[in-house]
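One-letter residues, chain by chain:
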Amino acid sequence: METINHTHEHTHTHPHPNYHPPNQKKPGWFHNLLNPLRRVVDGIQVKNNRFAHLICQTIPCCCPFERQIKLFGKTIDIPPLCKLNPLYDEFVGLRFRALSYLADVCGEDVTKYIC
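The following paragraphs examine the structure supplied in this document.

Parameters at a glance
Residues numbered from 1 in each chain as written. Predicted model: local features only at pLDDT ≥ 70, side-chain atom pairs only at ≥ 80, totals over all residues. Heavy atoms only, no water. Patch = residues over 30% accessible without salt bridge, like charges linked within 9 Å, V, L, I, M, F, W, Y side chains within 5 Å. Areas by Shrake-Rupley, 256 points an atom, 1.4 Å probe, with all protein chains shown as cover. Salt bridge = Lys/Arg side-chain N within 4 Å of Asp/Glu carboxyl O. Helix = DSSP H or I, 4+ residues; strand = E, 2+ residues; numbered from the N terminus. Buried < 20%, exposed > 50% of the residue type's maximum accessible area, 1.4 Å probe, protein only. Contact = heavy atoms within 4.5 Å. Disulfide = S-S within 2.5 Å.

**Focus: a nonpolar patch on the surface**
Now for step 1: There is a patch of nonpolar side chains on the surface, built from Ile 69, Leu 71, Phe 72 and Ile 76 and spanning about 430 Å² of accessible area.
Now for step 2: Looking at the element boundaries, Ile 69 is found in strand E1 (residues 67-71).
Now for step 3: Residue Ile 69 is classed as partly exposed on the basis of its relative accessible area, which comes to 39%.

**Describing the environment of Tyr 101**
Now for step 1: Relative to the elements of secondary structure, Tyr 101 occurs in helix H4 (residues 88-105).
Now for step 2: Taking relative accessible area as the criterion, Tyr 101 reaches 15% and is therefore assigned buried.
Now for step 3: Once residues within four sequence positions are removed from consideration, Tyr 101 is found in contact with Val 46, Lys 47, Asn 48, Asn 49, Ala 52 and Cys 106.

**Section: the state of the cysteines**
Now for step 1: Within this structure, the stated rule accounts for two disulfides.
Now for step 2: There is a disulfide in this structure between Cys 61 and Cys 115, and the S-S distance comes to 1.5 Å. Across the S-S bond of Cys 61 and Cys 115 the torsion is about 50°, and the bridge reads as right-handed. With Cys 61 in the loop between helix H3 (49-58) and E1 and Cys 115 in the segment after H4, the pair connects residues that are 54 residues apart, well separated along the chain.
Now for step 3: Cys 61 gets classed as partly exposed once you look at its relative accessible area, which sits at 36%.
Now for step 4: Here Cys 115 falls in the exposed class, since its relative accessible area comes to 65%.
Now for step 5: Residue Cys 63 pairs covalently with Cys 82 via a disulfide, S to S 2.4 Å. Because the sign of the S-S torsion sets the handedness, a value of about 95° for the bond joining Cys 63 and Cys 82 places this disulfide among the right-handed ones. Of this pair, Cys 63 sits in the loop between H3 and E1 while Cys 82 sits in the loop between strand E2 (74-78) and H4, placing them 19 residues apart in sequence. No difference in accessibility class separates Cys 63 from Cys 82, as the two residues are buried.

The values reported here are purely geometric and, on their own, carry no functional implication.
Spelled out as structure tokens, the structure:
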């Protein structure tokens, strides 16, 4: 059986210097405007079990806005609007840190906070 040797080098460059693949868009001015607030939320440390419980109770585990509505015999899907929140990822991370603190440091059962 012959072995296949791959000797072709990939040295292709895109002819446009500002080319970005579709999934790697440059952040816009609005994204950059919120960066200081993102850093503040990411910098919140969870060091108190009462604070961790408050975070877990305040930040929902799943988006509460996703719905299916039946109207005139047709089903209309309303997508989860949480993704429109520009700080969504930071709040999910904060909730995860709170859950981790409660489970790992305090040894508490966090199943009541998981959907």
